Amino acid sequence: MEASFGPTFAAVAAGAKAEASSTYKQHRRTPSSSSTLTYSPRDDDDGMPPIGTPRRSDSAISVRSLHSESNMSLRSTFSLHEEEEDMHTFCRRCALTSDKCPVDAAKLTVVVNNIAVAEQIGELFIHCKYGCRATASGACAGAASNTTVAGKPGAYEVDPVGCPFTIKLSARKEHEASCDYRPVRCPNNPSCPPLVTMNLEAHLKECEHIKCPHSKYGCTFIGNQDTYETHLEMCNFEGLKEFLQQTDDRFHEMQLTLAQKDQDIAFLRSMLGKLSEKLDQLEKNLELKFDMLDENQSKLGEDLMEFRRDASMLNDELSHINARLNMGILGSYDPQQIFKCKGTFVGHQGPVWCLCVYSTGDLLFSGSSDKTIKVWDTCTTYKCQKTLEGHDGIVLALCIQGNRLYSGSADCTIIVWDIQTLQKVNTIRAHDNPVCTLVSSHNMLFSGSLKAIKVWDIVGTELKLKKELTGLNHWVRALVASQNHLYSGSYQTIKIWDIRSLECVHVLQTSGGSVYSIAVTNHHIVCGTYENLIHVWDIESKEQVRTLTGHVGTVYALAVISTPDQTKVFSASYDRSLRVWSMDNMICTQTLLRHQGSVTALAVSRGRLFSGAVDSTVKVWTC
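Just so it is clear, the structure is predicted and the values come from calculations on it, not from any experiment.

1. Quick word on the sheet that holds strand S20 (residues 404-409)
Across a sheet, strands are paired by hydrogen bonds formed along the backbone, either parallel or antiparallel in direction.
Point 1. Strands sit in the order S19-S20-S21-S22 across an open sheet of four strands; the sheet is antiparallel. Of all the strands in the sheet, the pair left with one neighbour each is strand S19 (395-401) and strand S22 (423-429). On average, adjacent strands in this sheet sit at an angle of 20 degrees to one another, irrespective of strand direction.
Point 2. Pairing of S20 with strand S21 (residues 413-418), which is carried by five bridges, proceeds in the antiparallel orientation. Bridge pairing in S21 links Arg404 to Asp418.

2. Notes on the layout of surface pockets
Point 1. Reported here for the largest pocket is a volume of approximately 1,300 Å³.
Point 2. What lines the largest pocket is a set of 39 residues, and nearest its centre among them are Leu355, Thr437, Leu479, Leu558 and Leu602.
Point 3. When residues of the lining of the largest pocket are traced back to their parent elements, those giving at least two are strand S15 (352-358), S19, strand S23 (437-441), strand S27 (478-482), strand S29 (503-520), strand S33 (555-562) and strand S37 (599-605).
Point 4. Residue contributions to the lining of the largest pocket peak at six residues, all from S37.

3. Notes on the packing of aromatic side chains
Each aromatic ring pair is specified by the distance between its two centres and by the angle formed by the two planes.
Point 1. Evaluated as defined, the whole model comprises four aromatic pairs.
Point 2. Centre to centre, the rings of Phe345 and Trp376 are 4.9 Å apart; their planes meet at 25 degrees, and the pair counts as stacked. Placement of Phe345 in strand S14 (residues 340-346) and of Trp376 in strand S17 (residues 372-377) is noted, with a sequence separation of 31 residues between them. The same class applies to Phe345 and to Trp376, which are both buried.
Point 3. Where Tyr516 meets Tyr556, the ring centres are 5.7 Å apart and the plane angle is 70 degrees; that geometry is what we call edge-to-face.

4. Quick look at the pattern of salt bridges
Point 1. Summed over all chains, the structure comprises 13 salt bridges.
Point 2. The salt bridge involving Glu157 is made with Arg133; its shortest N-O contact spans 2.9 Å. Here Glu157 is found in strand S8 (residues 154-158), whereas its partner Arg133 is found in strand S7 (residues 132-134), with 24 residues between them in sequence.
Point 3. Among the residues examined, Glu157 registers a relative accessible area of 15% and is labelled buried.
Point 4. Where Lys467 meets Glu503, a salt bridge forms, and the shortest distance between an N and an O atom there is 3.2 Å. You can see Lys467 sitting in strand S26 (residues 462-469) and its partner Glu503 sitting in strand S29, a full 36 residues away along the chain.
Point 5. When its relative accessible area of 30% is taken as the criterion, Lys467 is described as partly exposed.
Point 6. What makes Glu503 partly exposed here is its relative accessible area of 42%.
Point 7. The structure contains a network of salt bridges with shared partners spanning Lys129, Arg172 and Glu176.

5. Looking at the pairing of strand S35 (residues 578-582)
Point 1. Along S35, five of the five residues are buried, which leaves the element largely enclosed by surrounding structure.
Point 2. Covered by surrounding structure in S35 are Leu578, Val580 and Ser582 together with Arg579 and Trp581, the residues of both alternating faces.
Point 3. In terms of strand pairing, strand S34 (residues 567-573) meets S35 through five bridges, oriented antiparallel. Counterpart to Ala572 in the pairing with S35 is Leu578.
Point 4. Here S34 folds back onto S35, and the loop between the two strands holds four residues, one of which, Arg576, carries a positive phi near 75 degrees.
Point 5. Inspection of the sheet shows S35 paired to strand S36 (residues 587-592) by five bridges, in the antiparallel sense. Residue pairing in the sheet places Arg579 in a bridge with Thr591 of S36.

Definitions and cut-offs
By convention here, each chain's residues receive numbers from 1 onward along its written sequence. Restriction of local features to residues with pLDDT of at least 70 applies here, the model being predicted, together with a cutoff of 80 or more for giving and counting side-chain atom pairs; totals for whole chains, interfaces and linings are based on all residues. Hydrogens and water are ignored here; the side-chain numbers use all heavy atoms of the structure. The pairing criterion for strands is at least two bridges between them, as found by DSSP. Working definition: helices are DSSP H or I runs of at least four residues, strands are E runs of at least two. Numbering for both runs from the N terminus. To get an axis, fit a line to the C-alpha atoms, keeping to the stretch in contact for a helix; angles then go from 0 to 180 degrees between the N-to-C directions. Detection works on a 1 Å grid of protein atoms alone, calling trapped sets that fit a 1.4 Å probe cavities and calling open sets with protein on both sides within 12 Å along at least five of seven lines pockets, with lining residues defined by an atom within 4 Å of a point. Grid points are joined across faces, edges and corners, and a volume is the space filled by probe spheres set on the points. Paired rings are identified among Phe, Tyr and Trp, the last through its six-membered ring, by centres lying within 6.5 Å, and are further divided according to the angle between planes into stacked (under 30 degrees), edge-to-face (over 60) and tilted (the rest). When a residue's accessible area, from a 1.4 Å probe over protein chains only, is under 20% of the maximum for its type it is buried; when over 50% it is exposed; and in between it is partly exposed. What counts as a salt bridge is simple: a side-chain nitrogen of Lys or Arg found within 4 Å of a carboxyl oxygen of Asp or Glu.

In short, the description is geometric, and any link to function would need to be established separately.
Below, the structure written as structure tokens:
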């Protein structure tokens, strides 16, 4: 009693299995129309019953699904378990339909081939697929519901006129390749009725579609075996057989030669492509080298210009020293008054544009193009205590009133900061253009922008607009409050305002372009201009008394240090230098060169000078 198993395996029943011997490969069976097989079709079975010699990984798969992760490859098999000792064996197709065990839903992580089961399956006997046919009911059901596509098993039965052998599953392909019942087609004419291998030879003797072997040369003969032999004796092409064969051989050789030439051409094209790529790369490298040469030439030119500038400043220094010698004032030189750089604050990511000192707490505030304000300890740690963030543009101006820090920016706002907590307490939309300068006096804040100065009453953390000063001809980049007067600088003009009435009381006309900086001493009004000049007026008579020269760039900032004995004015310039001026005799007593960029801001506190520059640093100078 034999039975078949699907979808991938067939087996004999226990009784038949006991009778099966491992020494023979196939059994002849007695055809029986009552023998039925259940089958789920495979893709490579060509519509025949399913049994195929399984690959080792296809026949049986034992996999172990561990609850701990394993790094074993999920290559060909899967297993599923509840306990680590339990394994479930499936065919490859079933195991690959899900990444979880259908028994306990555990994740498939460890997979092995069940070689023992695979070998046992290989020993099972199955019917040759050319000895089975679909049952009438199974064929109807399959056609109606597309059963074979859906993967549901169809019904098959033993074909009484088919192959009578049963074979071991492992020998299936070997048998079916030589089976006498294997369907074949007539080689003469595909439209001939279907044949089986055992009937092919007899069919060829009777076939009426035999063609002349020279049909490829143009012979149109078609007939049976008898007329075929007669035709060969009379065929015009038969006498030319050797010539035609030689022609075919030569044509084949030419085809091979042509193919070889095509390969050579493809190789040459690939080499040409590589040479073209190398040429392109060489051109790019050459362009890069030319660019580097141009860049180096440009840098050398800049260095040469800087050298010439430094030489010019040294010549100016020598001229000033000679002037002092000629005037007989060399005795006023005091080595203790020479300023030296004592340190550098580094931290900003852009040019420093403004500085402000809070003397009570020895704090220095610096505003930069990086849109931040840094708070530096100038007494103990000499480090940045905090970075204040809040502006959306370059920080251009800083001012302190009481315990409040006010910052103006290119984002047109003024932000109020609490110095004790270093927190932002208010933001005011101050102008329609960047806020260039800030100064406070008499509990009021003054802000300068394009052709406008706004006056704000300071009420706690609020700023209340009190008045807008007009009549200005250009950007207001400099504001200084001294005693009861406000000094504002714009294009070739300094206006002096009465702080109490907020009215303009005097106008100083100057030359040298826009006024970028203003400083007021006990006796003088000093301003720095776009065209490198420093103008000095008498504070009482408002008469210009001197024009100081020496800088070769815009004078961005001025600062004053006064002692009972003397007054010094410091100037910062685009030419990367700071100059120290004695206001007693209007002479430059020292030039400070340490910054690597234009010096843009100055602040003084307790005899110390702080300078900010485009090189993103703040330097500390003491004498």
